[in-house]
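# A structural walkthrough
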Amino acid sequence: MSAPLPDPLAQSFVAFAVDSGVLRFGEFKTKAGRLSPYFFNAGLFDDGAKLGRLAGFYAERLIASDLAFDMIFGPAYKGITLAAAVAMELARRGHNVPFAYNRKEAKDHGEGGTLVGAPVQGRVLIIDDVISAGTSVRESIQMIRAAGATPCGVSIALDRQEKAASGGVDSPLSAVQQVREQHGLPVIAIAGLADLLAYLDGASELAAHRPAVLAYRERYGV
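Every chain is numbered independently, its residues counted from 1 as its sequence is written. Local features in this predicted model are restricted to residues of pLDDT 70 or higher, and side-chain atom pairs are both shown and tallied only at a pLDDT of 80 or more, whereas totals for entire chains, interfaces and linings draw on every residue. Derived side-chain values reflect all non-hydrogen atoms in the structure, with water molecules and hydrogen atoms excluded from consideration.

### A closer look at the overall build of the protein chain
Each helix is a run of H or I in the DSSP string that is no shorter than four residues. Each strand is a run of E no shorter than two, and both are numbered from the N terminus. A count of helical and extended segments in the protein chain gives seven helices and 10 strands. Our radius of gyration is a C-alpha quantity, and the globule rule it is checked against amounts to 2.2 Å times the number of residues to the power 0.38. The C-alpha atoms of the protein chain give a radius of gyration of 18 Å, which matches the 17 Å a tight globule of 222 residues would have. Dimensions of the protein chain along its principal axes, counting C-alpha atoms only, are 55 × 40 × 35 Å. Residue burial is assigned from relative accessible area. The probe radius is 1.4 Å, only protein chains are included, and a residue is buried under 20% of its type maximum, exposed over 50%, and partly exposed in between. A total of 222 residues make up the protein chain; the buried ones form 47% of that total. For the protein chain, the accessible surface area stands at approximately 11100 Å², while carbon and sulfur atoms represent 52% of it. Here the positive residues are Lys and Arg and the negative ones are Asp and Glu; neither His nor the chain ends is included. By convention, the charge on Lys lies at NZ, on Arg at CZ, on Asp at CG and on Glu at CD. For the protein chain, the separation between the mean place of its 22 positive charges and that of its 23 negative charges on side chains is 3 Å. Surface accessibility in these figures is a Shrake-Rupley result with a 1.4 Å probe; residues are shielded only by whichever protein chains are displayed.

### Observations regarding helix H6 (residues 193–202)
Residues Leu193, Asp195, Leu196, Leu197, Tyr199 and Leu200 constitute the buried set of H6. Buried-residue contacts for H6 involve helix H1 (8–19), strand S1 (23–29), strand S2 (35–40), strand S7 (150–159), strand S10 (187–192) and helix H7 (210–220). Here a residue-residue contact requires only that any non-hydrogen atoms of the pair lie within 4.5 Å.

### Considerations on the pattern of salt bridges
We define a salt bridge as a side-chain nitrogen of Lys or Arg found within 4 Å of a carboxyl oxygen belonging to Asp or Glu. Scanning the model with the defined rule gives 10 salt bridges in all. Two residues, Asp129 and Lys78, come together in a salt bridge whose shortest N-O distance is 3.5 Å. In this pair, Asp129 is assigned in the loop between strand S6 (123–127) and helix H4 (135–146) and Lys78 in helix H3 (residues 78–92), connecting sequence segments 51 residues apart. We classify Lys78 as partly exposed; its relative accessible area is 39%. Counted as one network, the salt bridges with shared partners bring together Arg34, Arg160, Glu162 and Asp170.

### Points about the side chain of Ser174
Here Ser174 lies in strand S9 (residues 169–174). The class of Ser174 is buried, set by a relative accessible area of 3%. Apart from residues no more than four positions distant in its own chain, Ser174 is found in contact with Glu162, Lys163, Ala164 and Val222.

### Describing the packing of H1 against H6
Think of each axis as a best-fit line through the C-alpha atoms, taken over the contacting stretch in the case of a helix, with angles from 0 to 180 degrees between the N-to-C directions. Between H1 and H6, whose axes approach to 9 Å, the crossing angle comes to 75°. By the criterion of interaxial angle, the relationship of H1 to H6 is roughly perpendicular. Across the interface between the two elements, Ala10, Gln11, Val14, Ala15 and Val18 from H1 touch Asp195, Leu196, Ala198 and Tyr199 from H6. Following the grouping adopted for this structure description, the nonpolar residues are Ala, Val, Leu, Ile, Met, Phe, Trp, Tyr, Cys and Pro, the charged ones are Asp, Glu, Lys and Arg, and the polar ones are all others, Gly among them. Class assignment for the residues of the contact of H1 with H6 results in seven nonpolar, one polar and one charged. Each angle receives one of four descriptions, namely roughly parallel if under 35 degrees, roughly antiparallel if over 145, roughly perpendicular if within 65 to 115, and oblique otherwise.

### Re the UniProt feature "binding site: orotate" (unreviewed entry) in the protein chain
UniProt positions are given in the numbering used here, feature names are shortened, and annotations may be inferred rather than shown by experiment. Following the UniProt record, one finds the feature "binding site: orotate" (unreviewed entry) at Phe39, Phe40, Ser132 and Arg160. These annotated residues cover 122 residues of sequence, and their C-alpha atoms lie no more than 12.5 Å from one another, placing them together at a single site. By the element assignment, Phe39 lies in strand S2. Excluding anything up to four places from it in sequence, Phe39 contacts Val22, Leu23, Arg24 and Phe28. Setting aside residues up to four positions removed in sequence, Arg160 forms contacts with Thr30, Ser36, Tyr38, Leu193 and Tyr216.

### As for the nonpolar core
To form a nonpolar core, buried Ala, Val, Leu, Ile, Met, Phe, Trp, Tyr and Cys residues must be joined to one another through side-chain atoms within 4.5 Å. By size, the foremost hydrophobic cluster in this structure holds 47 residues, and its most contacted members are Phe13, Leu23, Phe25, Phe40, Phe45 and Ile72. Considering every element that reaches this core, the biggest residue donor is H1, with eight residues. The contact partners of Ile72, leaving out residues within four places of it in the chain, are Ala83, Val86, Ala87, Leu90, Val97, Pro98, Phe99, Ala100, Val124, Leu125 and Ile127. Membership of the second largest hydrophobic core comes to 20 residues, among which are Phe73, Val120, Val137 and Val154.

### Considerations on the environment of Phe16
Note that Phe16 resides in helix H1. In sequence terms Phe16 and Arg123 are 107 residues apart; their C-alpha atoms lie 31 Å from each other. Residue contacts for Phe16: discarding those within four places in its chain leaves Phe45, Lys50, Arg53, Leu54 and Phe57.

### Considerations on the packing of H6 against H7
Look at H6 against H7: their axes get within 10 Å of each other, and the N-to-C directions meet at 155°. What the angle tells us is that H6 and H7 run roughly antiparallel. Seen along the crossing, H6 lies across H7 with a hand that is left-handed. Of the residues in H7, those in contact with Leu193, Ala194, Leu197, Leu200 and Asp201 of H6 are Arg210, Val213, Leu214 and Arg217. Residue composition of the contact of H6 with H7, grouped by class: six nonpolar, no polar and three charged. For any pair of crossing helices, the crossing counts as left-handed if the nearer helix is rotated counterclockwise from the farther one by less than a right angle, and right-handed if it is rotated clockwise.

Next up, the structure:
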């Protein structure tokens, strides 16, 4: 049985992340205290051209997923920019939806509260860069439900496809799998660790990093 062909959209995204300096290889300590052979920092999609292209990847993946949603929610802080950019790109492609986000500190003047933007209602898609511990998603779900709306899914850039950890103990599930299992929400990622490995297969200048990434997946992967 032949191996599945690499996903063209995911491969383009990984190449874009590498070219943008967002995806780097070496030795990096994760929030869980693991030494990871790669690091993904979406904060480095830091100019208009990069952000616009990133939004294009999100939009393309979302449209292809056929997930039905009425609006977008971006959790503070990285999700704010992502929600705005993806909403603009979806509108450019003929899918105009409202968006909202939260502020970390409640405001007691002006419009007040912690939610900013369009009224949070209907089926709400949460947009973020990655899911690490799942805290941002849990908080977003609570805010969306408190507003009387329904969280319907999560869209992220990269699924690390590795075991979640709590208190130094590894879970059998990844953070993404926990969101799916605990909250019953689909998680739509532009690319995952498997796509990163497929990219390293064909990237001769980065091929030396593949054994370390593969060993990391064998130890912590799901």
